[in-house]
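Architecture at a glance
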Amino acid sequence: MTDVAPAQTPPAPTTLGELRASGAAFRPVKAEIRANLLARLGAGEPTLPGIVGFEDTVVPEVERALIAGHDLVLLGERGQGKTRLIRTLVGLLDEWTPVLAGSELNEHPLAPISAWAHRRIAEEGDDTPVTWLHRSERFGEKLATPDTSVGDLIGDVDPIKVAEGRTLGDPETVHYGLVPRTNRGIFSVNELPDLAERIQVALLNVLEERDIQIRGYRVRLPLDLLLVASANPEDYTNRGRIITPLKDRFGAEVRTHYPLELADEVRLLRQEAQTSGLGAPSGHDAFDAPVVPEHLVEIVARFTRLVRESSHVDQRSGVSARFAIAGLETVAASAVRRAAVAGETRPVARVVDLPSIVPASRGKVEFADSGSDPDDDRETEVLEHLLRQATAQTFRARCGGLDLTGLQEHFTGGETVESGELVPGAALLGQLGTIPRLAELLGRLGVPEGEESAEQAAAAVEFALEGLYLTRRLAKDTDGTRTVYGA
């Protein structure tokens, strides 16, 4: 879920008496988060590590909300990292916190809130057993769906406990829902507008009075938690809404966004795309994990930004970061497939792998003019055009001013170079012979000196050939699997 796995064994006290003797004190969750946040700020450490592109916009707003002790709602289009950000908040909790052993509500031994806890402490005194809860276990979340009930979130009367002889008015007849069970932690409601309005009402007391009501019985439970919700602006106004009293109880509303800078988009792709595990396992026909050159990562990032800006795309729906991540993983997978078929030992992604993004990612884009009868061919053409545009932009940015006349002169006598998704890098290079200024091209594309390989050189040369084609200095003929460059 989050990068907050236990780093050490829990502290020693195992009874209430030992806990008191150790000098431990109760600190509310919001005070705990505030103290740890301020400590990170003072030390110059990242407060929300792994969150890319929000450093100067969203993160300061979240920090201010947490310092103020506010519950908050994150508002933004799909795939902007709202859920990731919420889960990262867990890292601001203390690594370990003491709880009464057996408590359904994670009650702090020095601040019990249930009738069960008060009775147990009265009976056992300083011998009351204490256990320790890691912060990774102090997070709860619920995806809001129309069928979510009050019982799911808050709780309901447990008929089994009633059958055992307890009365309906007894607080111990309650089976607690997700929110009370996340007491002493952080609870997240994802896509809050999808929650039925009558269910949203059940959260009013949680946010303000910090108690809950079940089946008409007022169960006084001063819950100690941080409540964070997420919402999509389209759903916020169209498919559902957050009722006004609930909006009023959230202390802060924070707007998220897609990465503002290309560099952030590239950094996000490098961080999130799972490509290192795509290599063949050790043993027969093993090969290394795929290499995705920097210029291809940049093309995928530019492509994603162009799709977001396209007038053909429904801007209200947005284009998720998962669109770019899945695209880059598909490019890497295409390189691995070629290595498996052609016998390459080092898969390196090339320009010829880029077209695989379009069919794989087509379902992640909502087109503005698709209506009830979408034109799949037209939409595919739009994505292919934007991919070529992203490739051309990257070529100009990376190879602008580079002398490629030596490479271009190879074609003056009518020669051609054939490439394709299953053509090995060595076979591509073999058609060209000696390539003038290859070292300079590799340097421009970020290949470290001394680490060049035939596959990396082929990736660089093919990118240069595609750039020459896009700038109308070479011709290209392709049928989807076979590509031929010529004069």
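Section: helix 21 (residues 454-470)
Compared with the 24 Å implied by 1.5 Å per residue over 17 residues, the 24 Å span of helix 21 between its first and last C-alpha is a close match. Most of helix 21 sits out of view: 14 of its 17 residues are buried. Taken from the residues just after helix 21, arginine 472 is the one with a positive phi, measuring 65°.

A word on helix 17 (residues 376-399)
For helix 17, with 24 residues, the first-to-last C-alpha span of 34 Å sits near the 34 Å given by 1.5 Å per residue. Restricting attention to buried positions, one finds in helix 17 the residues Glu379, Val382, Leu383, Leu386, Leu387, Ala390, Thr391, Ala392, Thr394, Phe395, Arg398 and Cys399. Check the buried side of helix 17 and you find it contacts helix 14 (294-309), helix 16 (357-361), helix 20 (438-444) and helix 21. Looking at the residues trailing helix 17, positive phi occurs at glycine 401, about 85°.

Structural notes on the sheet that holds strand 1 (residues 72-75)
As a general point, the strands of a sheet are linked pairwise by backbone hydrogen bonds and lie either parallel or antiparallel. With respect to topology, five strands assemble into an open sheet ordered 4-7-10-1-11, the strand pairing being parallel. In the strand order of this sheet, the two ends are held by strand 4 (139-143) and strand 11 (252-255), each with one partner. Pairs of neighbouring strands in the sheet enclose a mean axial angle of 20°, with direction left out of account. With five bridges joining them, strand 4 and strand 7 (residues 185-190) adopt parallel strand pairing. The residue of strand 7 that forms the bridge with glutamate 141 is serine 188. The sheet contacts of helix 2 (residues 29-43) involve strand 7 and strand 10 (225-231), and relative to strand 10 the element is tilted by about 80°. Where helix 3 (residues 58-68) meets the sheet, it contacts strand 1, strand 10 and strand 11, and its direction lies at approximately 170° from that of strand 11.

Quick look at unusual backbone geometry
The phi dihedral of glutamate 191 falls on the positive side, at around 60°, and the residue is not glycine. By secondary structure assignment, the location of glutamate 191 is in the loop between strand 7 and helix 9 (197-200). A positive phi angle is found at arginine 437, which is not glycine, with a value near 60°. Along the chain, arginine 437 turns up in the loop between helix 19 (425-430) and helix 20. On the basis of relative accessibility, which here comes to 46%, the residue arginine 437 falls in the partly exposed class.

Regarding the packing of helix 17 against helix 21
For the pair helix 17 and helix 21, interaxial distance at closest approach is 9 Å and the crossing angle is 110°. For the element pair helix 17 / helix 21, the angle class is roughly perpendicular. The residues of helix 21 that touch helix 17, namely those facing Arg388, Thr391, Ala392, Thr394, Phe395, Arg398 and Cys399, are Phe463, Ala464, Glu466, Gly467, Leu468 and Leu470. In the contact of helix 17 with helix 21, the residues fall into seven nonpolar, three polar and three charged.

A few points about the layout of surface pockets
By volume, the second largest pocket is sized at about 600 Å³. Considering the residues around the second largest pocket, the lining is formed by 28 residues, among which Val352, Leu354, Pro355, Lys476 and Thr478 are closest to the centre. If you list the elements that add at least two residues to the lining of the second largest pocket, you get helix 15 (321-342), helix 16, helix 17, strand 12 (416-420), helix 21, strand 13 (475-478) and strand 14 (482-486). Looking at the lining of the second largest pocket element by element, the count peaks at five residues for helix 17.

With respect to the pairing of strand 10
Burial runs high along strand 10: seven of the seven residues are buried. Of the two faces of strand 10, the one holding Leu225, Leu227, Ala229 and Ala231 and the one holding Leu226, Val228 and Ser230 are both buried throughout. As paired strands, strand 1 and strand 10 are joined by four bridges and run parallel to one another. Pairing of leucine 72 across the sheet is with valine 228, part of strand 10. Across five bridges, the pairing between strand 7 and strand 10 is parallel. Note that in strand 10 the partner of valine 189 across the bridge is alanine 229.

Section: the sheet that holds strand 13
Here we have three strands laid out as an open sheet, ordered 12-14-13, and antiparallel in their pairing. Lying at the two open borders of the sheet, with one neighbouring strand each, are strand 12 and strand 13. In this sheet, neighbouring strand axes are inclined to one another by 20° on average, regardless of whether the strands run parallel or antiparallel. In terms of strand pairing, strand 12 meets strand 14 through five bridges, oriented antiparallel. Looking at the pairing, threonine 416 lines up with glycine 486 of strand 14. Against the sheet, helix 21 makes contact with strand 12, strand 13 and strand 14, and its axis sits at roughly 65° relative to strand 14, the strand it touches most.

Remarks on the packing of aromatic side chains
If you walk through the whole model with that rule in mind, you get two aromatic pairs. Ring centres 5.5 Å apart and planes at 45° place the aromatic pair phenylalanine 303 and phenylalanine 323 in the tilted group. With a gap of 20 residues between them, phenylalanine 303 in helix 14 and phenylalanine 323 in helix 15 connect regions that are remote in the sequence. Given the relative accessible area of 1%, phenylalanine 323 is considered buried. Relative to phenylalanine 463, the ring of phenylalanine 395 lies with its centre 5.8 Å away and its plane at 70°, an arrangement referred to as edge-to-face. With phenylalanine 395 in helix 17 and phenylalanine 463 in helix 21, the pair connects residues that are 68 residues apart, well separated along the chain. Residue classification places phenylalanine 395 among the buried positions, given a relative accessible area of 4%. In this structure phenylalanine 463 comes out as buried when scored by relative accessible area, which is 0%.

Cut-offs used in this document
- Note that residues are indexed from 1 along each chain, following the sequence as it is written.
- Totals for whole chains, interfaces and linings use every residue, but because this is a predicted model, local features are given only for residues with pLDDT of at least 70 and side-chain atom pairs only at 80 or more, for both listing and counting.
- No hydrogens and no water enter the side-chain calculation; it runs on all heavy atoms of the structure.
- The secondary structure listing takes helices from DSSP runs of H or I that are at least 4 residues long and strands from runs of E that are at least 2 residues long, numbered from the N terminus.
- Here the expected length of a helix is defined as 1.5 Å per residue gap, with one fewer gap than residues.
- For every residue, the accessible area (1.4 Å probe, protein chains only) is compared with the maximum for its type, and the residue is labelled buried under 20%, exposed over 50%, or partly exposed between those bounds.
- The criterion used for residue contact is that any of the two residues' heavy atoms lie within 4.5 Å.
- The rule for pairing is simple: two strands pair if DSSP sees at least two bridges between them.
- Interaxial angle, 0 to 180 degrees, is taken between N-to-C directions of lines fitted to C-alpha atoms, where a helix line uses only the stretch in contact.
- For classification purposes, an angle smaller than 35 degrees is called roughly parallel, one larger than 145 roughly antiparallel, one from 65 to 115 roughly perpendicular, and anything else oblique.
- Note on residue classes: Ala, Val, Leu, Ile, Met, Phe, Trp, Tyr, Cys and Pro are nonpolar, Asp, Glu, Lys and Arg are charged, and everything else, Gly too, is polar.
- A cavity here means a set of 1 Å grid points, computed over protein atoms only, where a 1.4 Å probe fits but cannot escape. A pocket is an open set with protein on both sides within 12 Å along at least 5 of 7 lines, and lining residues have an atom within 4 Å of a point.
- Grid points are joined across faces, edges and corners, and a volume is the space filled by probe spheres set on the points.
- Aromatic pairing here means that ring centres of Phe, Tyr or Trp (its six-membered ring) are within 6.5 Å. Orientation follows from the plane angle: under 30 degrees is stacked, over 60 is edge-to-face, and everything else is tilted.

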